[in-house]
Amino acid sequence: MSGRGQLMWDEAVTGYDFGPGHPMDPVRLALTMALVRSFGLDRAPGLAVVAAPAAGESTLRLVHRPDYVDVVRRVSADPLSADGSYGLGTEDDPAFAGMHEVSALIAGQSVGAAEAVWQGVADHAVNFAGGLHHAMPGSASGFCVYNDPALAIARLLELGAERVVYVDVDVHHGDGVQTAFWDDPRVLTISLHEHPRTLFPQTGWPAECGGDGAQGTAVNIAVPAGTGDAGWLRAFHAVVPELVAAFRPQVLVSQHGADSHLADPLAHLAVTVDAQRAVAEACHELAHAYAGGRWVALGGGGYAVVDVVPRTWTHLVALVAGAPVPPEAETPAEWRAEVSRRTGERAPERMTDGTTPSWRPFDDGYDPADRLDQAVLATRKAVFPSHGLLP
């Protein structure tokens, strides 16, 4: 199931920098690209490395309000003018010089990925600098200024796509993307995240199912804090494949935030790199089974910037390249040296956390007293009937 892949990359995306001490440390992007290069994936026969232009005004306005874009431009030129309005100048989203330009550049990579896949230039395309899924049409939120996943999907619709599935496995609810397409029956948004009782943004309840005329096109799987590989994969496979099959998308867009990991400092799941890789593989397979192979893969959150993010997203790039990196592979010595030089930390030595992910299929039976199974059932009951499926 290999094909032509594109990796969207411009070194300037590492300028997306909220400053010292902020969890969204751009070193995670630099170290990911360094690991991709150390494995030679940037030279793989099945992968082209492409830098797309920044998203322009008309593209940004496919999702974002003109007044918001104007304010981002203003505080980008004068960060001290940010006063917390429009979500800019807050603790989560402090203003910084050049904010508009680099945010538009990241968005441009995701839009470019969508264009390449829709126009047949590539079968798969990945922008691990993207996945900034919290930004709202009129405000920044949760470390996100422009919502590149929503912009990529909006561009696909503009180009003529009639059915797009968005699968978001970031530990946080994909609230901005859900909001952008709440009333649009052409887009099925599926978010697998930690329960909103215990995590930002406190949305993503199973009952959030879509607006009038789009009932069942917003899907939320809210798993309990502490969920590990077996439960996380069980929840994914109990909901996502059946809905994708029923919706018959022309393109699959997926967001692979790495913050579901047990080592992530901002959340409370217990997932491994191995399970994250397994879900990326599943998205790849779903794209081939139901979307003609058209797959746009994005990054997202992830704040264990040395131990987790580079490995998870390198596995993602490798899948897009048609050159999977075996989990048991050692991380290249040159990369480990680069990690030490840049961060002073010790790099992980293998591309695995040492687990072999497995899960019990939901069709084999469920436990009504189990909190994970309760979460899955709540989602299936809320949305499956809208798609002609039995809960």
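Given the structure is predicted, the values throughout are model-derived calculations rather than measurements.

Quick notes on the rules
Residues numbered from 1 in each chain as written. Predicted model: local features only at pLDDT ≥ 70, side-chain atom pairs only at ≥ 80, totals over all residues. Heavy atoms only, no water. Salt bridge = Lys/Arg side-chain N within 4 Å of Asp/Glu carboxyl O. Buried < 20%, exposed > 50% of the residue type's maximum accessible area, 1.4 Å probe, protein only. Helix = DSSP H or I, 4+ residues; strand = E, 2+ residues; numbered from the N terminus. Phe/Tyr/Trp six-rings, centres within 6.5 Å; stacked < 30°, edge-to-face > 60°.

Visitor: Before we move on, could you go through the pattern of salt bridges and cite the residues and values that matter?
Guide: Counted under the stated rule, the structure contains 17 salt bridges. Between Asp67 and Arg65 there is a salt bridge, with its nearest N and O atoms 3.0 Å apart. A residue is classified by how much of its surface remains accessible, and Asp67, at 29% relative accessible area, is partly exposed. For Arg342, the salt bridge goes to Glu338, with nearest N and O atoms at 3.8 Å. Of this pair, Arg342 and Glu338 both sit in helix α10 (residues 333-343), 4 residues apart, which is roughly one turn of the helix. By relative accessible area, Arg342 is classed as partly exposed at 43%. Taken together, the shared-partner salt bridges in this structure form one network comprising Glu57, Arg61 and Arg73.

Visitor: Please set out unusual backbone geometry residue by residue, giving values where relevant.
Guide: In this model, Phe200 is joined to Pro201 through a cis peptide bond whose omega is 5 degrees. Considering the arrangement of structural elements, one finds Pro201 in the loop between β5 (187-194) and β6 (218-223). Non-glycine residue Tyr86 carries a positive phi angle of around 60 degrees. Locating Tyr86 in the fold gives a position in the loop between α3 (66-77) and α4 (99-118).

Visitor: Can you explain the packing of aromatic side chains? Please cite residues and give values.
Guide: What the rule picks out here adds up to 9 aromatic pairs. When the centroid spacing of 6.2 Å and the interplanar angle of 90 degrees are considered together, the rings of Tyr16 and Phe96 count as edge-to-face. Here the residue Tyr16 occupies a position in the loop between β1 (5-8) and α1 (27-38), and Phe96 occupies one in the loop between α3 and α4, the gap between them amounting to 80 residues. For the pair formed by Tyr16 and Phe96, the shared burial category is buried. For the pair Phe143 and Tyr303, a centre-to-centre distance of 5.6 Å together with 85 degrees between the ring planes defines the contact as edge-to-face. On the criterion of sequence distance, the pair formed by Phe143 in the loop between β3 (124-127) and α5 (148-158) and Tyr303 in the loop between β8 (295-298) and α9 (309-321) is long-range, its members being 160 residues apart.

That is the geometry; function is a separate question.
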